[in-house]
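Chain residues, written in single-letter form:
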Amino acid sequence: MNTSQQSAVRPGARGTQRSSARRAELIAIGRSLFADTSYDALSMDDIARQAQVAKGLIYYYFHSKRGYYLAIIEDSVAGLVSYAASGAGLPPVERVQRTIDSYLRYAEHNQAAYRAIVSGGVGFDTEVHAIRDGVREAIVTTIAEGAYGRTDIAPVARMGLLAWVCSVEGAALTWIDRGELPRETMRELLVKTLGGALRAIEELDPAHPAPAPARRDA
């Protein structure tokens, strides 16, 4: 590529980078706004004023308040899932511990985003709930891989892990609100409750034996 071709490409690339950065900045602002105020209570004028931008800029990037809100939730979900699913190369038991620790780290350091994901928005929002359900499924899959070495698990095992994930959501919300326990203690508590769930699954379906660390006689 000659110099004139490079000059023709670079401005567009810079523009794309600026556009992506601006969009990410608006999402970060919106995450805080919707964490503290209901969807219906915030108008586009309110959002633009608090974000200190022209309302048309939000429409340009997201087309509507609804599109803006869903973009915020989806961005938060992507961060949580990538955080919790890290450590794929670790041994199974260590991966489970890493998954729980990463999940708690995300909740602790991204409290507004975490609340938005877990609460599923304000009221019953089917689209946002579908996004949240996707997070739950991703965590169940990660735990199944760590506990059983596979993701094609039977309905009893899947429901048992899902029940555990749902309990973790409520516990983590209370944990970040109260701040009474260090993350290390909270992680060990959740690891032990997961062990109980895995043993219960084994009792109901012996084809899914609990890993050795989850056994009482281990």
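Residues numbered from 1 in each chain as written. Predicted model: local features only at pLDDT ≥ 70, side-chain atom pairs only at ≥ 80, totals over all residues. Heavy atoms only, no water.

Turning to the overall build of the protein chain, a few remarks are in order. Looking only at helices and strands, the protein chain features nine helices and zero strands. Along the chain direction, N to C, the helices and strands of the protein chain fall in the order α-α-α-α-α-α-α-α-α. Put simply, 61% of the contacts in the protein chain that link residues at least 6 apart link residues at least 24 apart. For the protein chain, the exposed surface amounts to about 11,500 Å²; the carbon and sulfur share of it is 54%. (Helix = DSSP H or I, 4+ residues; strand = E, 2+ residues; numbered from the N terminus. Contact = heavy atoms within 4.5 Å. Areas by Shrake-Rupley, 256 points an atom, 1.4 Å probe, with all protein chains shown as cover.)

This paragraph deals with the packing of aromatic side chains. The final tally for this structure, using the stated rule, is four aromatic pairs. Measuring from centroid to centroid gives 4.8 Å for F62 and Y68, while their planes differ by 45 degrees, and the two rings are tilted. Taking relative accessible area as the criterion, Y68 reaches 0% and is therefore assigned buried. Taken together, the ring pairs connect Y60, Y61, F62 and Y68 into an aromatic cluster. (Phe/Tyr/Trp six-rings, centres within 6.5 Å; stacked < 30°, edge-to-face > 60°. Buried < 20%, exposed > 50% of the residue type's maximum accessible area, 1.4 Å probe, protein only.)

Its place among the elements puts L161 in helix α8 (residues 155-178). Exposure remark for L161: the relative accessible area of 1% places this residue in the buried category. It is 7.8 Å that separates the C-alpha atoms of L161 and L198, two residues lying 37 residues apart in sequence. Filtering out sequence-adjacent residues up to four positions away, L161 remains in contact with V140, I143, A144, Y148, I153, L194, L198 and I201.

Averaged over every residue, the pLDDT of the protein chain is 82; the share at 70 or more is 83%. Across residues 4-9, where pLDDT falls below 50, the model places two contacts with residues more than four positions away in sequence or in other chains. (pLDDT = per-residue confidence, 0-100.)

Our next topic: the packing of helix α2 (residues 44-51) against helix α3 (residues 55-62). For the pair α2 and α3, the least separation of the axes is 8 Å and the interaxial angle reads 105 degrees. Classed by the angle they form, the pair α2 and α3 counts as roughly perpendicular. For the pair formed by α2 and α3, the contact residues are M44, D45, I47 and A48 on the first element and K55, I58 and Y59 on the second. Residues that form the contact of α2 with α3 fall into these classes: five nonpolar, no polar and two charged. (Axes fitted to C-alpha atoms, helices over the stretch in contact; angles between N-to-C directions. Parallel < 35°, antiparallel > 145°, perpendicular 65-115°, else oblique. Nonpolar A, V, L, I, M, F, W, Y, C, P; charged D, E, K, R; others polar.)

Within the secondary structure, D152 is located in the loop between α7 (126-148) and α8. Along the primary structure D152 and T141 are separated by eleven residues, whereas in three dimensions their C-alpha atoms are 8.9 Å apart.

Attention now moves to the pattern of salt bridges. Evaluated as defined, the whole model comprises 15 salt bridges. Where D45 meets K55, a salt bridge forms, and the shortest distance between an N and an O atom there is 3.0 Å. In this pair, D45 is assigned in helix α2 and K55 in helix α3, connecting sequence segments ten residues apart. The residue R115 makes a salt bridge to D177 at a minimum N-O spacing of 2.5 Å. Taken as a pair, R115 in helix α6 (residues 111-119) and D177 in helix α8 lie far apart in primary sequence, 62 residues in all. By relative accessible area, which is 26% here, R115 ends up partly exposed. (Salt bridge = Lys/Arg side-chain N within 4 Å of Asp/Glu carboxyl O.)

Proteins that are soluble and globular tend to have nonpolar side chains buried together. Ranked by size, the top nonpolar core spans 58 residues in total, and within it Y148, L161 and W164 carry the most contacts. With nine residues, α7 is the largest single contributor of residues to this core. The residues touching W164, leaving out its near neighbours within four places in the chain, are I100, I143, L190, T193, L194 and A197. (Core = buried A, V, L, I, M, F, W, Y, C linked by side-chain atoms within 4.5 Å.)

Here the focus is the packing of α6 against α8. Running from N to C, α6 and α8 point in directions that differ by 150 degrees, and their axes come no closer than 11 Å. Considered as vectors, α6 and α8 are oriented roughly antiparallel to each other. When the axes of α6 and α8 are compared, the crossing they make is left-handed. Contacts from Q111, Y114, R115 and V118 of α6 reach α8 at V168, E169, A172, L173, I176 and D177. In terms of residue class, the contact of α6 with α8 is built from six nonpolar, one polar and three charged. (Left-handed = near helix turned anticlockwise from the far one by under 90°.)

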